[in-house]
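For reference, the chains in residue letters:
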Amino acid sequence: MSCSLLEFCRLQEFKTVRHFLFRNEKSGIGLKISFALQVADDAGGQGEPWLQDCVVSLSPCTDLLVVAREQKAAFLSGEIYLSSGVLLLAQLLHEDPVLRLKCRTYEIPRHPGVTEQHEELSILYSAAMVTIDGFSLFQSLRACRNQAARAAAAGNDVIQPPPLAYKKWGLQEMDTIVDHSSVGIMTLCVFDQMKNASILGGFNASVKGSPPAMSQYVTVGSGPYTGFYYAIEGSSQPLLSHVAMAVASKLTSALFSAASGWLGWNKNKNEEEAPQKQKPKVEPATPLSIRFGLPDSRRHGESICLSPCNTLAGVTDDFGRVTLLDLARGIAVRMWKGYRDAQLGWLQVPEERSERDLSPSASLPRRHALFLVIYAPRRGILEVWAMQQGPRVGAFTVGKHCRLLYAGYRLMGVNSVTSQGWQLHTQQVCLLDPITGVLRTVNIPFHLALSDKKSERAKDMHLVKKLTTLLRNILESEARSIVLDIKHPAVKKQALESLLSNKNTPVSCLVNITRALDDTLKRQEPEEVDAELLQLCSSQLKLLQLYTDIQQLHSAADVEETYFFLPSLQDSLEGIEEELSRVAPTLQRYAQFTPRPSVSFAQDSPDSPLPAQAFLSQLECTEDEEVKVIRRSETEWNQLGNFLFWSCLCGKSPLHKVCYTLQQAGISPQQLLSLLLSVWLHREKELLQKPEENVRNLHRLLVALSDMKGAVEESWDTQSISPWWQQVRTTCVQSHNAAAALLAALVAHRAAKASITSRADSKWEAVSLELEQWVVCVRQLEDVLVLQTLLLVPPPPGATGGATVQCSIKTLLEGGTGGIADSVSKWVFRQDISPERLKEILQKRGNKEADDNVEQRDEEERHEQEKSQEDTDRTAELLLAVCQRFPHSLSPDFLFAHCCWEYVVQWNKDPEEGRYLCWSVEHLKMVSSPHIQQGVCTMMWSTFIAKRLSAATFLMEKVGKAPKDRLCRRDVGMGDKAMTSFLGCCVQLLNILMEADSAVEEVSAPELSIEEAWSGAEGPASIAELALEQRGVHYPLVQHHCLLASLLHAAMTFSVKVKPFSLFDSKGKNAFFRDLTTIQLMPSGDMDPGLVSVRQEFLLRVLTGWVQAIDDPSSSAPLPSSGPKAEWWPSLCLELGSLLQVNPDILRRHLVCELYSQGLDLRAEEVMLEVEDKDVLGSQLLVLTGQRLSYSLLHSQNQTQAAMELLARLPPTLCTWLKAMDPRELRCPLIPLPQTSRLVSRLIEILPENHAQYSLALHLLEAVEVLTTED
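Cut-offs and rules
Residues numbered from 1 in each chain as written. Predicted model: local features only at pLDDT ≥ 70, side-chain atom pairs only at ≥ 80, totals over all residues. Heavy atoms only, no water. UniProt positions renumbered as here; feature names shortened; annotations may be inferred. Phe/Tyr/Trp six-rings, centres within 6.5 Å; stacked < 30°, edge-to-face > 60°. Helix = DSSP H or I, 4+ residues; strand = E, 2+ residues; numbered from the N terminus. Buried < 20%, exposed > 50% of the residue type's maximum accessible area, 1.4 Å probe, protein only. Patch = residues over 30% accessible without salt bridge, like charges linked within 9 Å, V, L, I, M, F, W, Y side chains within 5 Å. Areas by Shrake-Rupley, 256 points an atom, 1.4 Å probe, with all protein chains shown as cover. Salt bridge = Lys/Arg side-chain N within 4 Å of Asp/Glu carboxyl O. Lys, Arg positive; Asp, Glu negative; His and termini not counted. Charge placed at Lys NZ, Arg CZ, Asp CG, Glu CD. Pairing = 2+ DSSP bridges. Axes fitted to C-alpha atoms, helices over the stretch in contact; angles between N-to-C directions. Contact = heavy atoms within 4.5 Å.

By the naming in an unreviewed UniProt entry, the chain goes by RAB3 GTPase activating protein subunit 2 (non-catalytic) and is assigned to Haplochromis burtoni. Looking at the chain in UniProt, the text filed under Sequence similarities (unreviewed entry) is "Belongs to the Rab3-GAP regulatory subunit family." Its UniProt record, at the heading Subcellular location (unreviewed entry), says of the chain: "Cytoplasm".

(A) Region of the structure containing the packing of aromatic side chains. Scanning the model with the defined rule gives 20 aromatic pairs in all. An angle of 55° between the planes, with centres 5.3 Å apart, marks the rings of Tyr547 and Phe615 as tilted. Taken together, the positions of Tyr547 in helix H10 (residues 531-554) and Phe615 in helix H13 (residues 612-617) put the pair 68 residues apart, joining distant regions of the chain. A relative accessible area of 4% means that Tyr547 is categorised as buried.

(B) Looking closely at a negative patch on the surface. On the surface, Glu623, Asp624, Glu625 and Glu626 cluster together into a patch of negative charge. Mapped onto the secondary structure, Glu625 falls in the loop between strand S28 (619-621) and strand S29 (627-629).

(C) Local environment of the pairing of strand S7 (residues 129-133). Burial analysis of S7 places 4 of its 5 residues in the buried class, which makes it a mostly covered element. Once strand S6 (residues 120-124) ends, the chain turns through 4 residues before running back antiparallel as S7. Where S7 meets strand S9 (residues 165-171), 4 bridges bridge the pair, whose relative direction is antiparallel. Bridging from a neighbouring strand, Met129 pairs with Trp169 of S9.

(D) Looking closely at the pattern of salt bridges. A complete count under the given rule lists 40 salt bridges for this structure. The salt bridge involving Arg299 is made with Asp317; its shortest N-O contact spans 2.8 Å. Linking Arg299 in the loop between strand S16 (290-294) and strand S17 (301-306) with Asp317 in strand S18 (residues 312-317), this pair joins segments that are 18 residues apart in sequence. Taking relative accessible area as the criterion, Arg299 reaches 12% and is therefore assigned buried. One salt bridge connects Asp971 with Arg970, and the closest N-O pair in it is separated by 2.7 Å. Within this structure, Arg582, Arg779, Glu782, Asp783 and Arg885 form a network of salt bridges that share partners.

(E) Structural detail: the pairing of S17. Counted residue by residue, S17 has 5 buried out of 6 residues, so it is predominantly covered. Across 5 bridges, the pairing between S17 and S18 is antiparallel. When the sheet's bridge partners are listed, Ile304 is paired in S18 with Val315. Linking S17 back to S18 in an antiparallel pair, the connection comprises 5 residues, with Asn310 at a positive phi of about 65°.

(F) Just the sheet that holds strand S22 (residues 368-376), in detail. One open sheet accounts for 4 strands, arranged S21-S22-S23-S24; its pairing is antiparallel. The open sheet terminates on both sides in strands that have one partner only, identified here as strand S21 (343-350) and strand S24 (392-397). In this sheet, adjacent strand axes meet at a mean angle of 20° when their direction is disregarded.

(G) Just the environment of Val1240, in detail. Along the chain, the position of Val1240 falls in helix H41 (residues 1233-1246). On the basis of relative accessible area, Val1240 is assigned to the buried category, the value being 0%. Setting aside its immediate chain neighbours within four residues, Val1240 contacts Thr1185, Ala1257, Leu1260, Leu1261 and Val1264.

Structure (structure tokens):
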């Protein structure tokens, strides 16, 4: 036997541990919702070396694993421990940070005269080391545990720990210390005692009669590289610690509360202040000088690992070396290079008892072999070396991100009395793979440490190695000779297993060698034969014979033709043709959309022959001489099923003979049924090519398996559920291959019905619970088939796409009442279907747009248009078919709510895609129920919107204007354009919420239901159900936030400088970003005039920005519905003005003047009709008219003589007034004279005759008419 890595544990919750430890370092904004909806899962790649940043510790009994990072710890265990809520002990021993913790526990001495080591906990600081006596620590912890139990019973929460006995050493004469090992108590021999006394004391040194006992400590670091310290027992008295702090720990059963309280990351304020108030006196350290060391100025030690026998230690350094130290002599005896960042461990392997039971020295203690385990993460290799100068006995490729776990100690509190008879199941060295969560242990046989060339075991191992080399080009005679020459049964078993697992060995060779070995064993004396080896030979011969028989049956030419002449089989399939014709159109569409693998390999093909080695690896013989199939991977299971049943399903093999052979081999019918169904479901694509023929063959196989002994219980009551048929249903329910599962269910339903009828005494048709279960199952599978067909529709070119959702009955039931709508909503997202188009489909309205323009296109464009229209109609038809199958689960409100949530989730993953959020809001508008609308709005706000809107608000408040793209990405997580779109969607969302809140009282809440066949759904609630559970909102608070979002949207759209909070008073500021369901103190009454002035100035700038955006006077096209040119901006500003207590007439007059200044006279005239204060407007327009006329008469470059003569004839007052006008204030001064004439006419209409400037307006009218006439 050789070294091996054995898996003994698999951590199921390792992904959860990683998420817990690295929770705050996820990309994006971490979100948490209270209604248990998963919104985003961006955990990163599984191959990241996250475990290297953590501290990992495995308990001595390998039943508890602790993973810690910074101030978080996670416990992986299957039991309940005392650390589940009670802080037992907290002690301040030194004020520097703790570097390392090492523990030494009791070990039974293997030889007489070996010093018995005491238990000890050593704590390393930067310049000091504290050693706590293990007995004292154990007694203190036991007393604290008893106090905790009494405190829990009495309702008290205070634990007073007893004092600890410890020693504190100040390690001197070493520059830096990073790790240490406490070797234990040692006693020098007389020679070493005299030698040390002579070196230290000189020629006249005196020597004590008995050598003193000393505690040895070895440190690594720099200056020197390794240091040896010796503390003579009795040189320092133990210190009795006082109570370091008042430990108050709440008794709780939460496991993580213990970790949080222990590591100090979940304490309240009082618990943090208590240690500061009661900080104890820190005892000084006793100086301890270094005795000697290994000086190396350039080398820096990184870690030290002490061997179990306390005689050797492995040291790693920054040069990538691993050094082996002899601790008794204080020298380096071996060095390995090329092991940077290495992790070390030790294995102490006892000798097997069986080898020395008959020797004269059998009463002596068992020998032990010592091995050093080195894990090199840079190379991803694990090596095992024999000590001290032995060879490398094992090497494994394990990956680059593993952790080698070596505790080096056992349970504390054990002594020479209590350790008698203990059988502790401990693993000395374990390797943790963070990718799979697998814990492996290294298994090393004792004989690998032997160097005797005459050892039979060594000779056998040499033969095994020779056989391994021979297996590359197998020679039967030579391989047979090698296997028979091996003496040791365990090695012979290893050789046979190696031969049976070799892919190059022919089946005939395997049979001959195994039979020869079996014959040899049977000829030996029974007491000399190894029972396990004989059992292995017999079982492998039986499996090889089964493999050969099945192979011959599949190659036989006499295929059975008796099926069509069996009346019972024909009767049981009666009516199957009608059901197949009914589902045939759906099967054809499903087969059309079923994806095919883009790349396939010959060895992965289902039609590739199954090697005998793979067959043997999946079957084993039990003690009852039955054959049991071992289920490993899904691929291997399908390969075995293909080998056994695929030829029968295709009608190429005599299936009754195959079933009889398998039954005689002793394979259980349940496992055969599982293999048959696995093949049927896995090869769905081929089965759908000839469904009628394949269904008949499946029916024959299913009936043949059902007739086997042990399949259907003879005592089965037809009124109860049959475990045999329940297995078929369970497989179909869990399958993602909807078409194959439906066909299997139809066949099984017919077969079960025939079985029940044959058992019934009456001629009437039997009605049983079993058949009712099949009716429901078939109904569900038909629904799943239609739904899966829809989900397989490929997305259109240019769509986002994504992975196709695979559904089954099980996944839909586990998805809860909203699982079906959730699947369809994900499909809608992948298809990039707009909300309007989805509404049309749900209303059964076809898309008939663009029909009038088809005739004007050429033939190629017409063909492409027709093809696209055909695909669109087909998609709509499939969606309507699914909606008809699920009238309740896919009701319009249900579907629109889930589509809304899906789009907002996708937007949260990529906030740059503002269209996702816009479409989410549009889907929300389609929901007819105000109750669902209100609930979904509330969830969207609290989960996705509020935090980002808050970040955008505070960012604009900080910069005082529309922030640049870089700042938006840094603070809000999206660019400036995406943030503008986001703010607009926020306004729409809050408006929907206000409208829904107003309509809630008028209508009753909808009653949600689900289809009868799917009433057993268990899982998370649907979006609609969660929406109905939400609390009502406070309307004024929602309106307050909508006002803020509108102001932010306007500021970002038109780049207006503003600090958002400057537009609100103190009450308004305090009300922002509070829970919308709470009642807050809102602004009321008249605002401060200064605040109103600031608000007015902001709105005036927004109106100016809008007018500048639509700066094309000659364009007659309608304005868009969104963006800076949207026509609703003026009305929005007026609405905001009423909320902000700004006079709307001022806004209208400003808008009129801005439109005239831009040359948009027609729009200005429309707004002018709503102005109330005509006098003020007339004065403003008079100035604007004068600026236009001044530009035409005085500042135009093409002035005419008529204009100059007119200027000379004007009244001096008017002439002076025109010269004082500044046309540069006009953004569009060059206006046609008819427009200016019309403006003057409007001006005279709105000005009263007694106005001070009325006569000036008449002179302007006269001047403009003259210019118009002469022009």
